[in-house]
Amino acid sequence: MIEGLPMRFPDDGLPSGVRIYEVGPRDGLQNEQATVPVEVKAEFIHRLRAAGLGTIEATSFVHPKWVPQLADAEELMPLLSDLPPDLRLPVLVPNSRGLDRAVAHGCRDIAVFASATESFAKANLNRTLQESLAMFEPVVSRAKAEQQWVRGYISMCFGDPWEGAVPPAQVVSVCRALLDMGCDEISLGDTIGVATPGHVSALLAELDGAGVPVGRVAVHFHDTYGQALSNTLTALRHGVTTVDASAGGLGGCPYAKSATGNLATEDLVWMLQGLGITTGVDLARLTAASGWMADRLGRPSPSRTVRALTGADDGGGSHQHSHKEQ
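Attention in this report is confined to the structure presented alongside it. This structure is a prediction, so every number in the text was calculated from the model and none was measured.

### A word on the pairing of strand β5 (residues 109-115)
Right, on to step 1. Among the seven residues in β5, six count as buried, and that is most of the element.
Right, on to step 2. Pairing geometry for strand β4 (residues 91-92) and β5, over two bridges, is parallel. Paired with V91 across the strands is I110, a residue of β5.
Right, on to step 3. In the sheet, β5 pairs with strand β6 (residues 149-155) via seven bridges, with the strands oriented parallel. Bridge pairing in β6 places I110 opposite V150.

### Side note on the pairing of strand β1 (residues 19-22)
Right, on to step 1. Across four bridges, the pairing between β1 and strand β9 (residues 242-245) is parallel. Counterpart to E22 in the pairing with β9 is A245.
Right, on to step 2. Strand direction decides the pairing type here: β1 and strand β2 (residues 55-56), joined by two bridges, are parallel. Across the sheet, the residue bridging to Y21 is T55, located in β2.

### Description of the pattern of salt bridges
Right, on to step 1. Scanning all chains against the criterion turns up 16 salt bridges.
Right, on to step 2. Residue D27 is joined to R26 by a salt bridge in which the shortest nitrogen-to-oxygen separation is 3.8 Å.
Right, on to step 3. According to the relative accessible area criterion, D27 is buried, its value standing at 7%.
Right, on to step 4. According to the relative accessible area criterion, R26 is buried, its value standing at 2%.
Right, on to step 5. The shortest N-O distance in the salt bridge between E146 and R142 comes to 3.4 Å.
Right, on to step 6. We classify E146 as partly exposed; its relative accessible area is 37%.

### A word on the nonpolar core
As a rule of thumb, soluble globular proteins bury nonpolar side chains together.
Right, on to step 1. Residues L80, V91, L178, L188 and L286 are the most contacted members of the largest nonpolar core, which totals 86 residues.
Right, on to step 2. A per-element tally of this core places helix α6 (residues 129-145) first, with seven residues.
Right, on to step 3. Once you skip the residues sitting within four places of it in the chain, L286 turns out to touch L48, A51, L53, A247, T265, E266, V269 and V281.
Right, on to step 4. Among the nonpolar cores identified, the runner-up in size contains six residues, and Y21, V23, W149 and Y153 belong to it.

### Observations concerning the packing of aromatic side chains
Right, on to step 1. Counting across every chain of the model gives two aromatic pairs.
Right, on to step 2. On the numbers, 5.4 Å between centres and 35° between planes, the contact of F113 with Y153 is tilted. Placement of the pair is F113 in strand β5 and Y153 in strand β6, with a sequence separation of 40 residues.
Right, on to step 3. Seen in terms of ring centroids, F158 and F221 are 6.0 Å apart; in terms of plane orientation they differ by 45°. Their pairing is tilted. Of this pair, F158 sits in the loop between β6 and α7 (168-180) while F221 sits in strand β8 (residues 217-221); the two residues are 63 residues apart in sequence, bridging distant segments of the chain.
Right, on to step 4. By relative accessible area, F158 is classed as buried at 5%.
Right, on to step 5. The ring centre of Y21 lies 3.4 Å from the NZ or CZ of R151, which sits over that ring.
Right, on to step 6. Across from the ring centre of Y153, 4.9 Å away, lies the NZ or CZ of R151, which sits over that ring.

### Description of helix α2 (residues 38-50)
Right, on to step 1. Helix length check: α2 (13 residues) gives 19 Å between terminal C-alpha atoms against 18 Å at 1.5 Å per residue, within 8%.
Right, on to step 2. Turning to α2, its buried residues are V38, V40, K41, A42, F44, I45 and L48.
Right, on to step 3. On the buried face of α2, the contacting elements are β1, α1 (24-28), β2, α3 (73-76) and α11 (283-297).
Right, on to step 4. One or two positions beyond α2, positive phi appears at G52, with a value near 105°.

### Quick look at helix α8 (residues 197-209)
Right, on to step 1. For α8, which comprises 13 residues, the first-to-last C-alpha distance of 18 Å matches the rise-based estimate of 18 Å (1.5 Å per residue) to within 8%.
Right, on to step 2. Residues of α8 that are buried make contact with α7, β7 (185-190), β8 and α9 (228-237).
Right, on to step 3. One or two positions beyond α8, positive phi appears at G211, with a value near 85°.

### Points about the packing of helix α4 (residues 96-104) against α6
Right, on to step 1. Orientation of α4 relative to α6, taken along the N-to-C sense of each, is 25°, at an axis distance of 9 Å. Here α6 runs roughly parallel to α4, going by the angle between their axes. Across the interface between the two elements, S96, L99, D100 and V103 of α4 pack against V139, R142 and A143 of α6.
Right, on to step 2. Taken together, the residues that form the contact of α4 with α6 break down as four nonpolar, one polar and two charged.

Parameters at a glance
Residues numbered from 1 in each chain as written. Predicted model: local features only at pLDDT ≥ 70, side-chain atom pairs only at ≥ 80, totals over all residues. Heavy atoms only, no water. Buried < 20%, exposed > 50% of the residue type's maximum accessible area, 1.4 Å probe, protein only. Helix = DSSP H or I, 4+ residues; strand = E, 2+ residues; numbered from the N terminus. Pairing = 2+ DSSP bridges. Salt bridge = Lys/Arg side-chain N within 4 Å of Asp/Glu carboxyl O. Core = buried A, V, L, I, M, F, W, Y, C linked by side-chain atoms within 4.5 Å. Contact = heavy atoms within 4.5 Å. Phe/Tyr/Trp six-rings, centres within 6.5 Å; stacked < 30°, edge-to-face > 60°. Lys NZ or Arg CZ within 6 Å of the ring centre and 35° of its normal. Expected span 1.5 Å × (residues − 1). Axes fitted to C-alpha atoms, helices over the stretch in contact; angles between N-to-C directions. Parallel < 35°, antiparallel > 145°, perpendicular 65-115°, else oblique. Nonpolar A, V, L, I, M, F, W, Y, C, P; charged D, E, K, R; others polar.

Below is the structure:
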């Protein structure tokens with residue numbers, strides 16, 4: 001890294017701090033073609049924690065048939081037992097059986113995965129939208145009874161590959177249903193990366209009008225069309241302070257062939273540092289962790305910041321450009 005960069009210029013109307021909800025070990029690695037060894041996953045999470053991340057989504061307790069890349073959840077959790085108790089390690093649970101497995105491993109934070117559209121609910125959960133919400137209700141209720149923190153993901157908030165446009169009111173309805181059943185936080189997912197800043201503003205305004213507290217809203221953008229950072233900045237201006245991101249830009253969407261994956265945590269941290277917004281994250285350590293994982297996966301990181309800071313684009317000479325006139 002170059003000393004003093006990025007320069008810090010705080011901007012009015014933005015939060016002083018942002019909580020980064022790291023999804024790389026779960027949302028990122030579940031999209032890998034090859035299965036990553038459980039020891040590598042555990043080491044990755046340890047490195048992310050060492051970089052200062054306070055919330056790291058660890059895995060998913062789903063049936064191995066549906067997500068074989070995360071079939072080792074039972075093996076992974078004991079390998080994380082030495083991490084400090086203040087680290088939040090949420091896990092995804094699709095149903096009561098998944099919750100049973102999470103509880104057996106002492107998980108304190110869980111997430112359920114809903115959809116804003118009928119098409120994705122049927123494709124992802126083999127249920128109608130209302131049937132999927134009915135399935136989550138006893139899961140959330142029991143988790144809350146056991147003093148667990150619960151997040152509700154909503155997919156396809158900004159567009160659906162089958163249905164096209166998704167009316168904001170439809171998203172608000174699902175959001176209210178999840179909050180009413182007891183979810184502590186809602187993550188708005190731009191699953192195929194089609195959101196734009198105006199759309200983000202409109203949805204957040206509609207949620208606000210429906211009485212949804214902005215402090216309970218997180219955003220989860222994909223960078224398919226290069227809009228993830230601009231959409232995030234828009235959300236911050238509306239008072240959102242929790243942003244989902246994936247170390248090294250790991251992950252993608254199986255329903256959008258051109259999807260380039262989640263917003264890279266490094267790209268997010270670079271922008272936030274330049275705005276003077278605190279995250280508690282050490283960018284150099286984070287970049288090193290993502291570079292380490294990229295080596296394990298056998299390909300360069302898609303994160304622009306990782307590439308810039310490691311010289312991955314040009315064999316290490318990224319800061320040695322000629323300044324001669326052409």
